[in-house]
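# Chain and residue survey
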Amino acid sequence: MTSVTKSPYSREEITAWLRGLLTIAWADGNFDPEEKQLITTLTQNDIAPGISLNSLAVIQPEELAAKLGKRTRAAENFTRTAVMVAIANGTYSPQEDQVLHQLCEALEQPKDIIDSLRHTLEHEGQVSTPTAPPQDALFSLADWLDKLEIQDPTVARFLCKMIPSQCPFERDITLFGHKIVHIPPLCQLNPLYEQLVGLRFRALSYLADECGEDISAYI
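Residues numbered from 1 in each chain as written. Predicted model: local features only at pLDDT ≥ 70, side-chain atom pairs only at ≥ 80, totals over all residues. Heavy atoms only, no water.

The name an unreviewed UniProt entry assigns to the protein is Nitrogenase, from the organism Umezakia ovalisporum FSS-43.

Below you can see the structure in the form of structure tokens.
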């Protein structure tokens, strides 16, 4: 998949960017080796064709900072996408928090970003409700996330793949034809779901309007 739109980032920067996002996605250990290979192959074939499979390994914070720079626009926008990937499945785990904190520290991003996000951490396997975090902290975090600039087609495709197109996992559990429990959509649990939806829409619009790409595969 190619695009006529020129990215402001180099191929080296984008490769490091994707490795950073995958490092976040794999942080909580929910992916077994087969699933990890599937996601990596998907990234290589559908999102960033031509980038070596081996180049999409987990990246260390120091290497990411060397590629993207510290306190740069690239580092800031990467951090926004990293936060989005961390919360895309409706939860923000302690493992994701640890990795995200290390990456933000290496990139010298504002500490209050992670401090705000930590209000949504899982507790004993449960996700905090939207009323749990201080609303002013969430408002600041949401406003910061909304300022993400979509300027690269590779990153846009990755976000469209990683962020669900609709509230995931809403379903009824039935036994012998009788409903025994209802699992609510994660949008009811994720206090930043609107930012996820908005980001995905902007990524889709960028690919369609700016890059002239067919986005039917993402819808």
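## Quick word on the overall build of the protein
In plain terms, the rule: The helix and strand labels rest on DSSP assignments: H or I over at least four residues marks a helix, E over at least two residues marks a strand, and numbering proceeds from the N terminus. Exposure classes here rest on a 1.4 Å probe applied to the protein chains alone. A residue is buried below 20% of its type maximum, exposed above 50%, and partly exposed in between. Only the protein chains shown count as cover for residues, with accessible areas throughout obtained via the Shrake-Rupley method and a probe of 1.4 Å.
Tallying secondary structure elements over the protein gives nine helices and two strands in all. Shown N-terminal to C-terminal, the secondary structure of the protein runs as helices and strands in the order α-α-α-α-α-α-α-α-β-β-α. The 219 residues of the protein split such that 47% are buried. For the protein, the accessible surface area stands at approximately 11300 Å², while carbon and sulfur atoms represent 52% of it.

## A short note on helix α5 (residues 94-107)
The cut-off we apply is this: Given a helix with a known number of residues, its expected span is that number minus one, times 1.5 Å. We call two residues contacting when some pair of their heavy atoms lies within 4.5 Å.
Given a rise of 1.5 Å per residue, 14 residues ought to cover 20 Å, and the 20 Å separating the end C-alpha atoms of α5 matches this to within 8%. For α5, the set of buried residues is E96, D97, V99, L100, L103, C104, A106 and L107. Taken together, the buried residues of α5 touch α1 (11-25), α3 (61-68), α4 (73-87) and α6 (111-117). Of the residues flanking the end of α5, it is E108, one or two places downstream, whose phi is positive at about 60°.

## Notes on the nonpolar core
Which entries qualify depends on this criterion: To form a nonpolar core, buried Ala, Val, Leu, Ile, Met, Phe, Trp, Tyr and Cys residues must be joined to one another through side-chain atoms within 4.5 Å.
Ranked by size, the top nonpolar core spans 58 residues in total, and within it I24, L64, F78, L100, L117, L192 and L207 carry the most contacts. A per-element tally of this core places α4 first, with nine residues. If we skip the residues at most four places from it in the chain, F78 touches W17, G20, L21, L64, L68, L103 and L107.

## So, the environment of P164
When you line up the elements, P164 lands in the loop between α8 (153-162) and β1 (171-175). Assessed through its relative accessible area of 27%, P164 is described here as partly exposed. Residues P164 and I219, 55 residues apart in the sequence, show an inter-C-alpha distance of 9.6 Å. Once residues within four sequence positions are removed from consideration, P164 is found in contact with A88 and R200.

## Some thoughts on the pattern of salt bridges
Heads up, the condition is: By convention in these notes, a salt bridge is any Lys or Arg side-chain nitrogen within 4 Å of a carboxyl oxygen on Asp or Glu.
This structure, assessed with the given rule, holds eight salt bridges. Here R80 and E76 are joined by a salt bridge, their closest N and O atoms 2.8 Å apart. One end of the pair, R80, and the other, E76, are both in helix α4, four residues apart, so they sit about a helical turn from each other. Two residues, D115 and K111, come together in a salt bridge whose shortest N-O distance is 3.1 Å. With D115 and K111 both in helix α6, this residue pair falls four residues apart, about one helical turn. Overall, K111 belongs to the exposed group, its relative accessible area being 55%.

## Points about unusual backbone geometry
Notably, R71 is not glycine yet its phi reads approximately 60°, a positive angle. With respect to the element layout, R71 can be found in the loop between α3 and α4. Residue classification places R71 among the exposed residues on the basis of a relative accessible area of 67%. Despite not being glycine, E108 shows a phi value in the positive range, around 60°. With respect to the helices, strands and loops of the structure, E108 is situated in the loop between α5 and α6.

## What about the packing of aromatic side chains?
Let me state the cut-off plainly: Classification of ring pairs rests on two measures: the distance between centres of Phe, Tyr or Trp rings, Trp counted by its six-membered ring, which must be within 6.5 Å, and the angle between planes, read as stacked under 30 degrees, edge-to-face over 60 and tilted in between.
For the coordinates displayed, the defined rule picks out two aromatic pairs. Ring centres of Y9 and W17 lie 5.0 Å apart, and the angle between their planes is 65°; this geometry places the pair in the edge-to-face category. Take Y9 and W17: they sit in the same class, and that class is buried. Here the aromatic rings of W17 and F78 are separated by 6.1 Å at their centres, their planes lie at 80°, and the arrangement is edge-to-face. Linking W17 in helix α1 with F78 in helix α4, this pair joins segments that are 61 residues apart in sequence. Here the aromatic cluster, defined as three or more aromatic residues joined through ring pairs, consists of Y9, W17 and F78.

## Digging into the packing of α8 against helix α9 (residues 193-210)
Applicable threshold: Here an angle of 0 to 180 degrees is reported between the N-to-C directions of two axes, which are lines fitted to C-alpha atoms, with helices fitted over the stretch in contact. Small angles under 35 degrees read as roughly parallel and large ones over 145 as roughly antiparallel, with 65 to 115 read as roughly perpendicular and the rest as oblique. What makes a crossing left-handed is the near helix being turned counterclockwise from the far one by less than a right angle; a clockwise turn instead makes it right-handed. Residue type decides the class: Asp, Glu, Lys and Arg count as charged, Ala, Val, Leu, Ile, Met, Phe, Trp, Tyr, Cys and Pro as nonpolar, and the leftover types, Gly among them, as polar.
Contact geometry of α8 with α9 gives a least axis separation of 9 Å together with a crossing angle of 135°. Here α8 lies oblique to α9, going by the angle between them. As α8 runs across α9, the sense of the crossing is left-handed. Of α9, the residues touching α8 (which contributes P153, A156, R157, L159 and C160) are L199, R200, A203, L204, Y206 and L207. A breakdown of the residues in the contact of α8 with α9 according to their chemical character gives nine nonpolar, no polar and two charged.

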